[in-house]
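So you can see what is in the structure, the chains are spelled out below.
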Amino acid sequence: MKKLTLAALGVAGAMIASTAMADGHGNSTLAQVKEKGFIQCGVSQGLPGFSNADDSGNWTGLDVDLCRAVAAAVFGDSDAVKFTPLSAKQRFTALASGEIDILSRNTTWTMTRDTQLGLNFAGVNYYDGQGMMVPTALGVTSALELDGANICTNTGTTTELNITDFFRANGMSFNLVAFEKADEVVAAYDSGRCDVYTTDRSGLAAQRGKLTAPDSHMVLSEIISKEPLGPVVRQGDDQWFNIVRWSLNAMINAEELGITSANVNATEFNDVSPSVARLVGKEGNFGAELGLDNKWAYNIIRQVGNYAESYEANVTPLGLARGVNALWSDGGILYAAPIR
Amino acid sequence: MSNSSLTSLIYDARLRGYVFQFLILALIVFGVWSLVDNTVTNLAERGKTVGFGFLTANAGFQISDTLGTWAMDYSVGESTYLDVYFIGIINTFLVAILGIVGATFLGFTIGIMRLSRNFIIRSFATVYIELLRNLPLLLQLFFWYFAVLRALPSKREKIDIIPDFISVNITGLYLPAPVVESGFIYSVIALGVALVMTFIMKRWAEKRQLETGQRFPVFWAACGVLLLLPLAIFAMTGSPLEWTFPEFKTDGPMLRRGFQSGTGMVLVPEMMAVWLALTLYTAAFIAEIVRAGILAINKGQTEASYSIGLKPGLTLRLVIIPQALRVIIPPLTSQYLNLTKNSSLAVAIAYPELVSVFAGTALNQVGKEIEMIFMMMMVYLTFSLATAAFMNWFNARVKLIER
Ligand SMILES: N[C@@H](CCC(=O)N[C@@H](CS)C(=O)NCC(=O)O)C(=O)O
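Residues numbered from 1 in each chain as written. Chains lettered and ligands numbered in written order. Predicted model: local features only at pLDDT ≥ 70, side-chain atom pairs only at ≥ 80, totals over all residues. Heavy atoms only, no water.

### Some points on the overall build of chain B
We apply this condition: Each helix is a run of H or I in the DSSP string that is no shorter than four residues. Each strand is a run of E no shorter than two, and both are numbered from the N terminus. Whether a residue is buried, partly exposed or exposed follows from its accessible area with a 1.4 Å probe, protein chains only, as a fraction of its type maximum: under 20%, in between, or over 50%, in that order. All accessible areas in this document rest on Shrake-Rupley with a 1.4 Å probe, and a residue is counted as covered only by the protein chains that are shown. As used throughout, the charge tally considers Lys and Arg to be positive and Asp and Glu to be negative, leaving His and the chain termini uncounted. Note on charges: their place is set at NZ of Lys, CZ of Arg, CG of Asp or CD of Glu.
Looking only at helices and strands, one finds 13 helices and 8 strands in chain B. Along the three orthogonal principal directions, the C-alpha set of chain B runs to about 100 × 75 × 50 Å. Burial statistics for chain B: of 403 residues in total, 41% are counted as buried. Summed over its atoms, the accessible surface of chain B is roughly 22,500 Å², and 69% of this surface lies on carbon and sulfur atoms. Charged side chains in chain B number 30 positive and 24 negative. The centres of these two groups are separated by 13 Å.

Here you go:
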């Protein structure tokens, strides 16, 4: 096939073949990323706590930290990342077309997405579920009272599907108003176009601050779906997939082993347990197996921090407790495969 | 000898022409083939297949109540992605056609106002054009949408435009809805027959006038036929058309107050905002085209028309506009095409047109980028070509017949 492609390139001109050649053949994502010197990371268009840019264009958030972790692992520099804000609708096409190298944008891992879109989920960095927000004045206490409601949400999301399922399963009718961008969803809900705003519960907490009177709204207690959110890569590049997966695992394992950005430096001089020694690259060849420096995880922890540090800096301020996102050893379900 | 015949072959311009044409054709075919093949290979590498099988799968998401969902009788879990495609097409065409009609009327009005001798009218038109033409359409779309939302009363209140018939609040404009019963089709057929009869009558009247000089009141006769025939059939088949009226509740649980779904017809604010924005924006361009068209007509035409006693209004209608149309129609066509394509911006404010509902929501669920974008492009292409064909036909009709 390649020979034909090259021949086509030669005769039919670069114009026709360029799109088809853009990626997939030969060059691995790692090689491409190294060549350009940074990672292109797809994030949301502004979801405080997960991926959000401040006035001077600095991105912060749990999802942003994941991309920074991969940059730290690959380049030893957590700033070697460029961010592409994407709407829910654009995100998979942006990844499939090679515009971005990682999608780290509160994206739910579902079977369809994993099997039919040509994508792979590299893990879960936040266990979430879909919730609903209503104005307190509506006097509603349960989602089962919402028959006939107008509901605002984002298009191109699992949210649309779950809410439809929920209303069908309960024999209720509703009208869905689905916007491309979250800001418009919030503005429309705020203006009274909809009775209900539905999205991931983390999203509700994050967007709530954008309402004119955040206190006159309440989140209903029902959680109507499972939303395991995690980073996504293109299918067919196992090396890159491994790098992203283990960057996340390194952050979680670091928390479990009590290694933080503050104390990781000390592991160089002090005696450490074998698990820690493997994590920080004093023992074993784990970095090389990924095609990276042996200090890959050390750099992640040093520059970005472990999972708990990232969570506390970004998500805790939204008022979201660790809950199920605590380590398995602390009563949560966060459980990373060991580095050995 | 063989040498010289070869040379003559090489210098044979016609043969050379064929050879080059063949080579170019071969290159194009090869280019297209390798592009397709390459794409399929690339997709296969990612575990994706190519095909349109997904169209028969059921769509699992709700779509906002619009003409499309009503026409396709959309129901989650039963309707397919193909239905979603048609819903998108219908909704796109709806705003495109409404927008074209609105923008044409408004554009002609503003364009003529711009040439008015009255300073206030003229300045208003100028300000309108400069303002709307120079602000990005997306911005205007947001402006109108949120302006519309802010201006309307909440879901539990309403403003009556015609009490019990037409009312409006933030969830939309509510109108009575016709419910067609069996037998209504005969009235529609009657209308078709009446149209054909009118056409034949007009032909006959023209011919008679040419031959005998006698005139026939075609207009009144046509009105009579067009109204009476369908109405008679309608009455004879037992008036098979019911109306349902929007029902508004002011008691019961808070959530259930307001207009009750399933009663009457609703035009959602998203649609009204898209229509408004497309109309106002495109009208500014059309106004300039109309102005240019009118100015292109020699001043002598106006003077000549005044000199035979026509008033300014009639001069405009009978002398200037018909001639100006020749200049106006080609750029007007481009504006119609622009408007149609611009309607895809409606995704930003949740109007379920083609780009939003098919290339957005549905695409995200099934991930067939290539197939779905292709299907979407075909719609815009077909619509654009059809518009262009119609306008070319119209242009040919109005163009100056030189004598
Ligand atoms: N997790 C869901 C929903 C993701 C989603 O798009 N949520 C919205 C609402 S919280 C969002 O992130 N908006 C931010 C933005 O559009 O930038 C999915 O993967 O489909």
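Next comes the rest of the write-up.
### What to know about the overall build of chain A
Put simply, the test is: Computation of the radius of gyration draws on C-alpha atoms alone. For the globule rule, the value is 2.2 Å times the number of residues to the power 0.38. Here, residues are in contact when the closest pair of their heavy atoms is within 4.5 Å.
For chain A, the count of helices and strands is 14 helices and 14 strands. Relative to the globule expectation of 20 Å for 340 residues, the C-alpha radius of gyration of chain A, 22 Å, shows essentially globular dimensions. Along the three orthogonal principal directions, the C-alpha set of chain A runs to about 65 × 60 × 40 Å. For chain A, the residues scored as buried account for 56% of the 340 residues in total. Partitioning the intrachain contacts of chain A with sequence separation of at least 6 by distance along the chain shows that 71% fall at a separation of at least 24. When the accessible surface of chain A is split by element, carbon and sulfur atoms take 51% of a total near 13,100 Å².

### Some points on the domain arrangement of chain B
One frequent convention defines the size of an interface as the accessible area lost when the parts assemble. Put simply, the rule reads: Residue ranges assigned to each domain were obtained from an automatic or database domain assignment.
Here chain B is partitioned into domain 1 (2–45) and domain 2 (67–176 + 245–398). The C-alpha-based centres of domain 1 of chain B and domain 2 of chain B are spaced at 47 Å.

### Thoughts on the sheet that holds strand β3 (residues 172–175) of chain B
Residues and elements named next belong to chain B. Quick note on the threshold: We treat two strands as partners when DSSP finds at least two bridges between them. Angles here are taken between N-to-C directions and fall from 0 to 180 degrees, while the axes themselves are lines fitted to C-alpha atoms, restricted in helices to the stretch in contact.
Strand order in the open sheet formed by 4 strands is β1-β2-β3-β8, with antiparallel pairing between adjacent strands. Strand pairing shows two members of the sheet lacking a second neighbour, β1 (159–162) and β8 (265–267), which therefore form its edges. Across the sheet, the mean angle from the axis of one strand to that of its neighbour is 25°, orientation sign disregarded. Bridge analysis of β1 against strand β2 (residues 166–169) gives 3 bridges, and the strand direction is antiparallel.

### Points about a nonpolar patch on the surface
Residue and element names in this part refer to chain B. Filter applied, for reference: Only residues whose relative accessible area exceeds 30% and that form no salt bridge enter a patch; like-charged residues are grouped when within 9 Å of one another, and nonpolar side chains (Val, Leu, Ile, Met, Phe, Trp, Tyr) when within 5 Å. A side-chain nitrogen of Lys or Arg and a carboxyl oxygen of Asp or Glu constitute a salt bridge if their distance falls within 4 Å.
A cluster of nonpolar side chains, namely Leu6, Leu9, Ile10, Tyr11, Leu15, Val19, Phe20, Phe22 and Leu23, defines an oily patch on the protein surface of about 930 Å² accessible area. Within the residue set of the nonpolar patch, elements represented by two or more residues are α1 (2–10) and α2 (13–45). Mapped onto the elements of the fold, Tyr11 is located in the loop between α1 and α2. For Tyr11, a relative accessible area of 63% gives the class exposed.

### Considerations on the site of the ligand
Residue and element names in this part refer to chain A. Here is the rule: By convention in this text, a residue qualifies as near a molecule or strand provided that one of its non-hydrogen atoms is within 4 Å of it. Nitrogen and oxygen atoms within 3.5 Å of one another constitute a polar contact, given that in protein one can donate a hydrogen and the other can accept it, and given that sequence-neighbouring residues count only through two side-chain atoms. Gly is placed with the polar residues, together with every amino acid not listed as nonpolar (Ala, Val, Leu, Ile, Met, Phe, Trp, Tyr, Cys and Pro) or charged (Asp, Glu, Lys and Arg).
Near the ligand you find 21 residues, and of these Gln45, Arg91, Asn106, Thr108 and Asp200 are the closest. At 3.0 Å from an oxygen atom of the ligand is found a side-chain nitrogen or oxygen belonging to Arg105. Arg113 is positioned with one of its side-chain polar atoms (N or O) 2.9 Å from an oxygen atom of the ligand. Protein contacts shield 99% of the accessible area of the ligand, which totals 500 Å² for the unbound molecule. Elements with a minimum of two residues in the shell around the ligand: α7 (158–169), β11 (196–200) and β13 (227–229). Its residues placed into classes, the shell around the ligand shows 4 nonpolar, 12 polar and 5 charged.

### Comments concerning empty space enclosed by the protein
Put simply, the test is: Using protein atoms alone on a 1 Å grid, points that fit a 1.4 Å probe yet trap it form a cavity, whereas open point sets bounded by protein on both sides within 12 Å along at least five of seven lines form a pocket; residues with an atom within 4 Å of a point count as lining. Grid points are joined across faces, edges and corners, and a volume is the space filled by probe spheres set on the points.
All told, the structure shown has 4 cavities of 30 Å³ or more when counted by the stated rule. Computed from the structure, the largest cavity encloses a volume of approximately 110 Å³. Lining the largest cavity are 14 residues; nearest its centre among them are Ala178(A), Ile63(B), Ser64(B), Pro352(B) and Val357(B). Per element, the largest residue contribution to the lining of the largest cavity is 3 residues, and it comes from helix α12 (residues 354–366) of chain B. Space inside the second largest cavity adds up to approximately 60 Å³. Residue assignment for the lining of the second largest cavity shows that the elements contributing at least two residues are α5 (91–96) of chain A together with α12 of chain B. Counted by class, the lining of the second largest cavity contains 3 nonpolar, 3 polar and 3 charged residues.

### Some words on the nonpolar core
Heads up, the rule is: Definition of nonpolar core: a set of buried residues of the types Ala, Val, Leu, Ile, Met, Phe, Trp, Tyr and Cys, connected through side-chain atoms within 4.5 Å.
In terms of nonpolar packing, the biggest core is built from 58 residues, with Ile39(A), Val74(A), Tyr126(A), Trp240(A) and Trp296(A) touching the most fellow members. Listing elements by their share of this core, those giving two or more residues are α3 (29–36), β1 (39–43), α4 (62–75), β4 (81–85), α10 (238–257), α11 (274–280), α13 (296–303) and α14 (307–314) of chain A. At 10 residues, α4(A) tops the list of elements feeding residues into this core. The contact partners of Val74(A), leaving out residues within four places of it in the chain, are Leu30(A), Val33(A), Lys34(A), Ile39(A), Trp240(A), Ile243(A) and Leu292(A). Of all hydrophobic cores here, the second largest spans 55 residues; its members include Val177(A), Ala188(A), Leu149(B) and Leu173(B).

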